[in-house]
Amino acid sequence: MQNKEIINKCREVGSLLDSYNISSSFSILEKIAKDKNNFSLSDLLSRVKNTYRYMAEYMLNGNADDSRESVYADIIEQLRSISDSIIRDEISIDSSDAYSETFRMDKLLNQNIDSLISDYGSAYSEFTLASAAGNDTSEISRRLEDLHSAIFNKIWVSLNDKHTIQSALDAVLSMNYGERLGAHVISALTLSLLGFFDRYKLSALISIYQSGISEKISARSLVGIVFALNAHPVRVRSNKELLAKLSIMQDSIIDYRRVREVIMTIIRTRDTDRISTKMQNEVLPELMKLRPDILKQIREASPDMTETGMIESNPEWEELLDKSGLTEKMRELSDMQSEGADLMMVAFSSLKQFPFFYKSANWFLPFVSSHSEISVDSKEREIIERLMDLGKGICDSDKYSLAFALNKMPSLQKEMMMSQLDAQFSQISEEMKEKVLSSAAPEFDEEVTKVVRDLYRYFKLFRKTTGVNDPFKKPLEFLEIPVIGDMMSDSEIVALVGEFYFRRKYYNEALSLFNLLLEENADDPALWEKAGVCYQSMKFYEKALECYSRAELLKTPSTWLLNKLAFANKKLGRFSDALERYKLLLENDPENLTLLLNAGYCALESDHPQEGLKFYYHANYLQPDNISIYRAIAWSEFILGNKEKSLNYYDKILSSENADSTDYLNAGHLYAVGGEYRKALDFYQKAVADNYEHFRTAFIHDIPTLEKAGGDKESLLILLDYIGLEK
């Protein structure tokens, strides 16, 4: 079998196991082992098959077996794991993604996890003693960094290696090697689980979390657990041992609060792409456009001030921002940031090109300013340490980005940055203090944010993540996650997430949650209204109208709801119903031009042209020179048979610069209905322009209306064909 065929066959095994077709799964895997002359795989499959046969025969003999269910589940899991291993081996043969490259290198080096951890322990002890004595630690630091990467990579590319994971788990739980190694190991377990399911790794993450070593370690491990459960729900649900370990969290208020924080942080991260797009496409270009105007005003105010001088608040600059629309955009971004949105992504995305970020392990390395690749002076270290004090907004990979950027920055720019920090640091510090006070567990929450952002940056900015499942590619369906979904199924969290999606215009996701809430509370008009908005935004107008109508039954309709009811009815062609709503709205706002035009249109479409004309003339009174209103009046007068009045308005329209082909078509209709075909022809030929087919379609559409106005269908069709001959 060829490489691609083997991968497809293994994926077929997954589908077979989903339907409990064990025998066919064995057949496929045994053939693969035979074709590849893989005797160790053949031997493993033989042992698993014998276990399956013994279990089945024991059952056939009528023997009671309390362990049968767990043995059966374990056999299925072993076959899935074997299939995963084959897929991983085949993909990694010549793939250039980071995982495959690391896997090939791991096989070549053949390093032992126990030796790596032992070497790390020795180096860590040396570093601690040397630091205490004030000795040079640069050489030891480099050794520790190399071992960090080696341990990370070993864990990352291991698969169903119980010994490797147990050794890593023991190292983390012992705390003999410091929290930094533990944090890096957890990131390796998390990244690995996003690619392939591994029960030993997930079990290790759960054990680390439940050990309660520290707030940071708990936060990091819980993020990994949530991502792993979301990536492999079927595998987790079939593993009773994992479910039993996870179920302990269900009765804990602390665990509930923590899981909720992780879920909300991941969900908020979805906004990052939209924020980045807004910053890059709207805010930054507008700022660059305004920059010359602002600099001009600075020079006029103080000719000696340079461009690098501090720019203080100025009402004229604020006016420039207001006029450009930037103030509103910045306010929106500020609101997003206050809700946990990641505004740092844009600032740091261009700073991930340093060689440091060529290694996957470095994207998750907890920050230390003493890293051997960072050579910062005292001033640079002060900047970094100040930013580190801000905590929540800066993840580890961004701190490394900043440190490398400072190395490359001219001294004048460093001075400017220090001045800006001096001016703004106290205010930022106060804002951060308020955030800390508002959190019941600030250290845990900050670490969750950092971990999620490091993962997000890796998947969105690292060039070699092909082949690894991006957990941010799809919305997090948190209610479908094993165990977590049950914990988060209460209406409070469902409403919280639903409102977040709704405010951010993720209507599809919001709708599914609102529908869940409506199952429990069908008498809440606000929920029906929001569900209606979701359906309307997705162009499901029938469903939107149903929701708005339910809300109307539950409360006296507000102006907002009447508008929505009118709009939905109009979109569905129910013009009489829409007209009734517009009339109600006009009772409270009789001078509203939009309402008048909509009411006129609906009256016209529901065969009440005289009523529609009243609305249009009212609108014309409010805006005498509006060509759109002229068109509405001209057409209404035409339908009513008032040729002279209609012609009067078409003359105004056609003499304007905004006349279009439809205007010439309608003016032609006016003459054609009266039998003045030669005059009609002149207007029709102007209406044709270069698109006869478009003209013909519009003309045929209008024929029923023209017949009602007294036109002769046969004559109209002859005229239409004649235009076709002459075009």
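As shown above, the structure is provided for reference.
To start, this report covers the structure provided alongside it. (Residues numbered from 1 in each chain as written. Predicted model: local features only at pLDDT ≥ 70, side-chain atom pairs only at ≥ 80, totals over all residues. Heavy atoms only, no water.)

1. Digging into the overall build of the chain
Assigned secondary structure in the chain consists of 37 helices and zero strands. For the chain, the share of sequence-separated contacts (at least 6 apart) that also reach a separation of at least 24 residues comes to 66%. Surface summary for the chain: the accessible area is close to 36,200 Å², and the carbon and sulfur share equals 50%. (Helix = DSSP H or I, 4+ residues; strand = E, 2+ residues; numbered from the N terminus. Contact = heavy atoms within 4.5 Å. Areas by Shrake-Rupley, 256 points an atom, 1.4 Å probe, with all protein chains shown as cover.)

2. Some details on empty space enclosed by the protein
Where empty space is left in the structure can be found by rolling a water-sized probe over the atoms. For the structure on display, the rule yields two cavities of 30 Å³ or more. Volume-wise, the largest cavity comes out at about 60 Å³. Forming the walls of the largest cavity are Ser187, Thr190, Arg220, Phe364, Val451, Asp454 and Leu455. Mapped by element, the contributors of at least two residues to the lining of the largest cavity are helix H9 (178-195) and helix H22 (442-461). Of the residues forming the lining of the largest cavity, the biggest block, three residues, is contributed by H22. (1 Å grid on protein atoms, 1.4 Å probe; cavity = no way out; pocket = protein on both sides within 12 Å on 5 of 7 lines; lining within 4 Å. Points joined across faces, edges and corners; volume = space filled by probe spheres on them.)

3. With respect to the layout of surface pockets
Each pocket or cavity is described by its volume, and for the second largest pocket that value is around 660 Å³. Considering the residues around the second largest pocket, the lining is formed by 28 residues, among which Asp84, Ile87, Gly195, Phe196 and Asn469 are closest to the centre. For the lining of the second largest pocket, the elements supplying multiple residues, two or more each, are helix H1 (3-18), helix H4 (68-91), helix H5 (98-109) and helix H12 (233-237). If you tally residues by element for the lining of the second largest pocket, the top one is H1, at seven residues.

4. Description of the packing of helix H34 (residues 661-673) against helix H36 (residues 692-708)
In contact at an axis separation of 11 Å, H34 and H36 are set at 45° when each is read in the N-to-C sense. Comparing their axes, H36 and H34 come out oblique. The two elements H34 and H36 meet at a crossing, and its hand is right-handed. Contacts between H34 and H36 pair Leu665, Asn666, His669 and Val673 from the former with Phe695, Ala698, Phe699, Asp702 and Leu706 from the latter. Here the residues of the contact of H34 with H36 sort into six nonpolar, two polar and one charged. (Axes fitted to C-alpha atoms, helices over the stretch in contact; angles between N-to-C directions. Parallel < 35°, antiparallel > 145°, perpendicular 65-115°, else oblique. Left-handed = near helix turned anticlockwise from the far one by under 90°. Nonpolar A, V, L, I, M, F, W, Y, C, P; charged D, E, K, R; others polar.)

5. Regarding the nonpolar core
Counting 126 residues, the largest nonpolar core has Ile263, Phe478 and Ile484 as the members making the most contacts within it. Residues in contact with Phe478, not counting those within four places in the same chain, are Ile263, Ile267, Ile484, Gly485, Met488, Ile493, Val494, Val497 and Leu513. If you look at the next biggest cluster of nonpolar residues, it comprises 53 residues, including Leu562, Ala603, Leu613 and Leu665. (Core = buried A, V, L, I, M, F, W, Y, C linked by side-chain atoms within 4.5 Å. Buried < 20%, exposed > 50% of the residue type's maximum accessible area, 1.4 Å probe, protein only.)

6. What to know about unusual backbone geometry
Phi angles above zero are rare outside glycine, and Asn110 is one such case at about 50°. Turning to its location among the elements, Asn110 is positioned in the loop between H5 and helix H6 (113-133). Classification of Asn110 by relative accessible area gives exposed; the value is 63%. For Lys539, which is not glycine, the phi dihedral falls at a positive 70°. Among the structural elements, Lys539 can be located in the loop between helix H26 (525-537) and helix H27 (541-554).

7. Looking at the pattern of salt bridges
In this structure the tally under the stated criterion is 37 salt bridges. For the salt bridge of Lys31 with Asp35, the shortest nitrogen-to-oxygen distance reads 3.0 Å. Separated by four residues within a single helix, Lys31 and Asp35 lie in helix H2 (residues 22-35), roughly one turn from each other. Judged by its relative accessible area of 46%, Lys31 falls in the partly exposed class. The residue Asp106 makes a salt bridge to Lys154 at a minimum N-O spacing of 3.4 Å. Placement of Asp106 in helix H5 and of Lys154 in helix H7 (residues 138-157) is noted, with a sequence separation of 48 residues between them. Accessibility expressed as a relative area gives 16% for Asp106, which makes it buried. Through salt bridges with shared partners, a single network forms among Glu77, Asp84 and Arg235. (Salt bridge = Lys/Arg side-chain N within 4 Å of Asp/Glu carboxyl O.)

8. Topic: the packing of aromatic side chains
Using the criterion set out here, one finds 37 aromatic pairs in the structure. A centroid spacing of 5.3 Å and a plane angle of 85° characterise the contact between Tyr458 and Phe459, whose relative ring orientation is edge-to-face. Taking relative accessible area as the criterion, Tyr458 reaches 0% and is therefore assigned buried. With a relative accessible area of 7%, Phe459 lands in the buried category. Over the aromatic face of Tyr630 sits the side chain of Lys652, whose NZ or CZ is 5.4 Å from the ring centroid. Across from the ring centre of Tyr649, 4.7 Å away, lies the NZ or CZ of Lys652, which sits over that ring. (Phe/Tyr/Trp six-rings, centres within 6.5 Å; stacked < 30°, edge-to-face > 60°. Lys NZ or Arg CZ within 6 Å of the ring centre and 35° of its normal.)

9. Points about the environment of Ser138
Turning to its location among the elements, Ser138 is positioned in helix H7. A residue is classified by how much of its surface remains accessible, and Ser138, at 30% relative accessible area, is partly exposed. C-alpha of Ser138 to C-alpha of Ser370: the two residues are 232 residues apart in sequence and 8.3 Å apart in space.

10. Some words on the side chain of Ser360
Along the chain, the position of Ser360 falls in the loop between helix H18 (344-349) and helix H19 (378-390). Relative accessible area serves as the criterion here: at 6%, Ser360 is assigned to the buried category. Setting aside residues up to four positions removed in sequence, Ser360 forms contacts with Ala98, Phe152, Trp156, Tyr458 and Phe462.

11. Some points on a nonpolar patch on the surface
Taken together, the side chains of Met105, Leu108 and Leu109 define a hydrophobic patch exposed on the protein surface, amounting to about 330 Å² of accessible area. Along the chain, Met105 falls in helix H5. (Patch = residues over 30% accessible without salt bridge, like charges linked within 9 Å, V, L, I, M, F, W, Y side chains within 5 Å.)

12. As for helix H29 (residues 575-588)
Its 14 residues give H29 an end-to-end C-alpha distance of 21 Å, which sits within 8% of 20 Å, the value for a rise of 1.5 Å per residue. Taken residue by residue, H29 has Phe575, Ala578, Leu579, Arg581, Tyr582, Leu585 and Leu586 as its buried positions. The buried residues of H29 all sit within an arc of 165° when viewed along its axis, so they share a single face. Turned more than 90 degrees off the buried face of H29, the exposed positions are Glu587 and Asn588. Where H29 is buried, its residues touch H27, helix H28 (559-571), helix H30 (593-605) and helix H31 (609-622). (Expected span 1.5 Å × (residues − 1). Arc of directions from axis to C-beta.)

13. Topic: the packing of helix H33 (residues 643-654) against H34
Relative orientation of the contacting elements H33 and H34 amounts to 155°, with a least axis distance of 10 Å. What the angle tells us is that H33 and H34 run roughly antiparallel. Here the hand of the crossing between H33 and H34 comes out left-handed. Residues Lys643, Ser646, Leu647, Tyr650, Ile653 and Leu654 of H33 lie in contact with H34, whose contacting residues are Asp663, Tyr664, Asn666, Ala667, Leu670 and Tyr671. Per-class residue counts for the contact of H33 with H34 are eight nonpolar, two polar and two charged.

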